[in-house]
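Structural overview for review
Listed here are the chains, written in short residue letters.
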Amino acid sequence: MASARQVNIAIIGAGGVGKCFLSQLESLAARRQNQRLVLTYIATSKKAVYSDSHSPIALDSVVSTLSSSSQAPLALPKLVDYLAASGTKTVLVDNTSSQEIADAYPSFLHRGISIVTPNKKAFSGSYKLWQDIFAAKEEGGALLYHEASCGAGLPVISTIKDLVETGDEVTKIEGVFSGTMSFLFNSFAPTSGSGGGKWSAEVAKAKELGYTEPDPRDDLNGLDVARKLTILARYAGLEVESPTSFPVQSLIPKELESVASGDEFLARLPEFDDQMEQVKAEAQKEGKVVRFVGSIDVASKQVKVGLEKFDLSHPIASLKGSDNIISFYTKRYGSNPLIIQGAGAGGDVTAMGVTSDLLKVLAQL
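Residues numbered from 1 in each chain as written. Predicted model: local features only at pLDDT ≥ 70, side-chain atom pairs only at ≥ 80, totals over all residues. Heavy atoms only, no water.

As a reminder of what qualifies: UniProt positions are given in the numbering used here, feature names are shortened, and annotations may be inferred rather than shown by experiment.
The chain is annotated in an unreviewed UniProt entry as Homoserine dehydrogenase of Pseudoneurospora amorphoporcata. Its UniProt record gives the chain a comment under Sequence similarities (unreviewed entry), which states: "Belongs to the homoserine dehydrogenase family." In its Cofactor (unreviewed entry) section, UniProt records this for the chain: "a metal cation".

1. Focus on the sheet that holds strand β3 (residues 48-50)
The test is simple: DSSP bridges decide pairing: two strands pair if at least two such bridges lie between them. Only DSSP runs of H or I with at least four residues qualify as helices, and only runs of E with at least two residues qualify as strands; both kinds are numbered from the N terminus onward. Should any heavy atoms of two residues lie within 4.5 Å, those residues are considered in contact. Geometry is summarised by axes, namely lines fitted to C-alpha atoms with helices restricted to the contacting stretch, and by angles between N-to-C directions that run from 0 to 180 degrees.
The strand order β3-β2-β1-β4-β5-β6 describes an open sheet built from six strands, whose pairing is mixed. Looking at the sheet topology across the chains shown, the edges are occupied by β3 and β6 (144-145). Relative to strand β4 (residues 90-94), strand β1 (residues 5-12) runs parallel, the two being bridged by five bridges. Bridging across to β4, Ile12 finds its partner in Asp94. Across the sheet, helix α3 (residues 76-84) is in contact with β1, β2 (35-43), β3 and β4; its angle to β2 comes to roughly 160°.

2. Thoughts on the UniProt feature "binding site: NADP(+)" (unreviewed entry) in the chain
Stated precisely, the cut-off is as follows: Both site types are read off a 1 Å grid over the protein atoms alone. A 1.4 Å probe that fits but cannot get out defines a cavity, while an open set with protein on both sides within 12 Å along at least five of seven lines defines a pocket; lining residues have an atom within 4 Å of a point. With a 1.4 Å probe rolled over the protein chains alone, any residue whose accessible area is under 20% of its type maximum counts as buried; one over 50% counts as exposed, and the rest are partly exposed.
The UniProt feature table records "binding site: NADP(+)" (unreviewed entry) at Gly13, Ala14, Gly15, Gly16, Val17 and Gly18. In the annotated group above, the largest pocket draws its lining from Ala14, Gly15, Gly16, Val17 and Gly18. Structurally, the position occupied by Ala14 is in the loop between β1 and α1 (16-31). The buried category is assigned to Ala14, whose relative accessible area is 15%. For Ala14, the residues in contact, after removing those within four places along its chain, are Lys19, Thr44 and Leu66. Tracing the sequence through the fold places Gly18 in helix α1. On the accessibility criterion, Gly18 (1% relative accessible area) is buried. Apart from the residues within four sequence positions on either side, Gly18 is in contact with Gly13 and Asn95.

3. Section: the layout of surface pockets
Just so we agree on the cut-off: Grid points are joined across faces, edges and corners, and a volume is the space filled by probe spheres set on the points. Amino acids outside the nonpolar list (Ala, Val, Leu, Ile, Met, Phe, Trp, Tyr, Cys, Pro) and the charged list (Asp, Glu, Lys, Arg) are all regarded as polar, and Gly is one of them.
One number sums up the size of the largest pocket: a volume of about 1000 Å³. Lining the largest pocket we find 38 residues, and of these Ser97, Lys120, Glu213, Asp219 and Asp224 sit closest to its centre. Secondary structure elements with two or more residues in the lining of the largest pocket: α1, α9 (179-188), α11 (217-220), α12 (223-235) and α15 (347-364). Looking at which element gives the most residues to the lining of the largest pocket, the answer is α12, with four residues. By volume, the second largest pocket is sized at about 240 Å³. Those elements that place two or more of their residues in the lining of the second largest pocket are β2, α3 and α4 (99-103). By residue class, the composition of the lining of the second largest pocket is nine nonpolar, five polar and one charged.

4. Remarks on the packing of helix α8 (residues 156-165) against α12
Rules: Orientation categories follow fixed angle ranges, with anything under 35 degrees roughly parallel, anything over 145 roughly antiparallel, 65 to 115 roughly perpendicular, and all other angles oblique. Two helices crossing with the near one rotated counterclockwise from the far one by less than a right angle form a left-handed crossing, whereas a clockwise rotation gives a right-handed crossing.
Running from N to C, α8 and α12 point in directions that differ by 20°, and their axes come no closer than 10 Å. The angle between α8 and α12 falls in the class roughly parallel. Seen from above, α8 lies across α12 with right-handed handedness. Here Val156, Ile157, Ile160, Lys161 and Val164 of α8 come into contact with α12, specifically with Ile231, Leu232 and Tyr235. The residue makeup of the contact of α8 with α12, split by class, is seven nonpolar, no polar and one charged.

5. Quick notes on the pattern of salt bridges
Here is the rule we go by: Only one rule defines a salt bridge in this text: a Lys or Arg side-chain nitrogen within 4 Å of an Asp or Glu carboxyl oxygen.
Enumeration according to the criterion identifies 13 salt bridges in this entry. Note that Lys331 and Glu169 form a salt bridge whose closest N and O atoms lie 3.2 Å from each other. A residue pair is termed long-range when its members are at least 10 positions apart, and Lys331 in the loop between β10 (323-330) and β11 (338-343) and Glu169 in the loop between α8 and β7 (170-176) qualify at 162 residues. Of the charged contacts, one joins Lys309 and Glu286 as a salt bridge, the two residues approaching to 2.8 Å between their closest N and O atoms. Of the two residues, Lys309 is situated in strand β9 (residues 302-311) and Glu286 in the loop between α14 (273-285) and β8 (288-297); the sequence distance between them amounts to 23 residues. Given a relative accessible area of 45%, Glu286 falls into the partly exposed group. Salt bridges here are not isolated pairs; linked through shared partners, they connect Lys120, Asp224 and Lys228.

6. Re the nonpolar core
Under the convention used in this document: For our purposes a nonpolar core is just a set of buried Ala, Val, Leu, Ile, Met, Phe, Trp, Tyr and Cys residues, chained together by side-chain atoms within 4.5 Å.
Counting 81 residues, the largest nonpolar core has Tyr41, Phe108, Phe185 and Trp199 as its most contacted members. With 28 residues, the next largest nonpolar core counts Ile9, Cys20, Tyr145 and Leu362 among its residues.

7. Things to note about the UniProt feature "domain: Homoserine dehydrogenase catalytic" (unreviewed entry) in the chain
Using the residue numbers shown here, the UniProt feature "domain: Homoserine dehydrogenase catalytic" (unreviewed entry) corresponds to residues 155-359. Within residues 155-359, the helical portion is 39% and the strand portion 20%, while the C-alpha atoms at the span's ends are 14 Å from each other.

As structure tokens, this is what we get:
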């Protein structure tokens with residue numbers, strides 16, 4: 001029997017998603033018969049584990065090895081050289097949301113280092129970075145997958161790529177793209193018309209349950225959704241310059257935009273509950289509910305993020321929990337869109353999207 005081919009894995013990021021991914025990688029490496037997956041580099045922003053000889057790092061103890069390490073991470077240009085010098089096919093797994101690492105993707109790809117990542121910033125930053133990344137991928141003969149950058153483990157990116165690459169024409173994309181916003185509005189304005197709490201109380205509850213960022217303003221400003229829409233709009237053929245180049249409705253009251261902390265924001269949010277109550281009441285008068293959605297109209301090149309009202313029978317209105325829903329309207333699918341729905345947030349499902357992308361890369365190396 002031929003010896004298993006080796007593929008080196010380098011990982012940046014060992015937080016929530018990163019730890020879940022490490023667990024899935026350990027299981028995957030144990031099952032892989034025809035390829036030997038070898039972890040040769042792992043780093044957080046402060047620490048790293050690696051050796052000049054690219055020696056394997058044991059997956060079953062990597063978390064404790066990393067936490068007790070006294071090594072500093074390599075600067076990104078040095079990391080590119082280090083990974084390229086191994087002489088072995090290498091996959092970089094970026095489990096961060098770092099713009100600095102995203103900006104370095106062309107350097108890695110140009111040297112033939114493949115990348116899998118949930119990092120939205122690489123694909124929703126400037127349009128020039130988007131172009132540079134895909135040009136470097138072609139020049140370096142590297143592979144690149146980022147399913148988890150939009151909808152965690154849901155097959156959103158792969159679906160739009162399949163639609164476009166098989167010659168279908170995407171005309172419109174609409175949906176709830178944030179697990180946080182989904183949870184908030186399903187609780188605040190349920191389709192039953194009763195039972196929703198005050199807006200500030202729902203935001204506080206969502207934070208307590210771990211659905212929001214440590215500072216809820218990072219969810220309520222709409223930028224997370226805008227980043228996802230930027231990525232999908234670009235795949236649909238629109239040259240969207242950045243997530244701030246189209247209308248994005250922020251749910252942060254102007255007076256609270258510059259308060260010092262997330263805790264102070266939450267403490268003062270009840271002062272503004274009447275504004276959101278009014279929005280909810282207006283929708284109820286029309287027999288509708290309000291939801292925070294993103295939409296892309298390809299023909300008119302309109303991209304927008306914000307509050308919209310929906311009939312109670314609409315799929316967007318009847319979401320449960322923190323589910324996402326994304327509807328693709330295309331020439332082939334006509335007036336009945338292709339709909340993807342399910343958990344759009346969480347460490348395990350996001351890591352699943354990353355692991356699934358790694359499997360796609362491994363199949364082609």
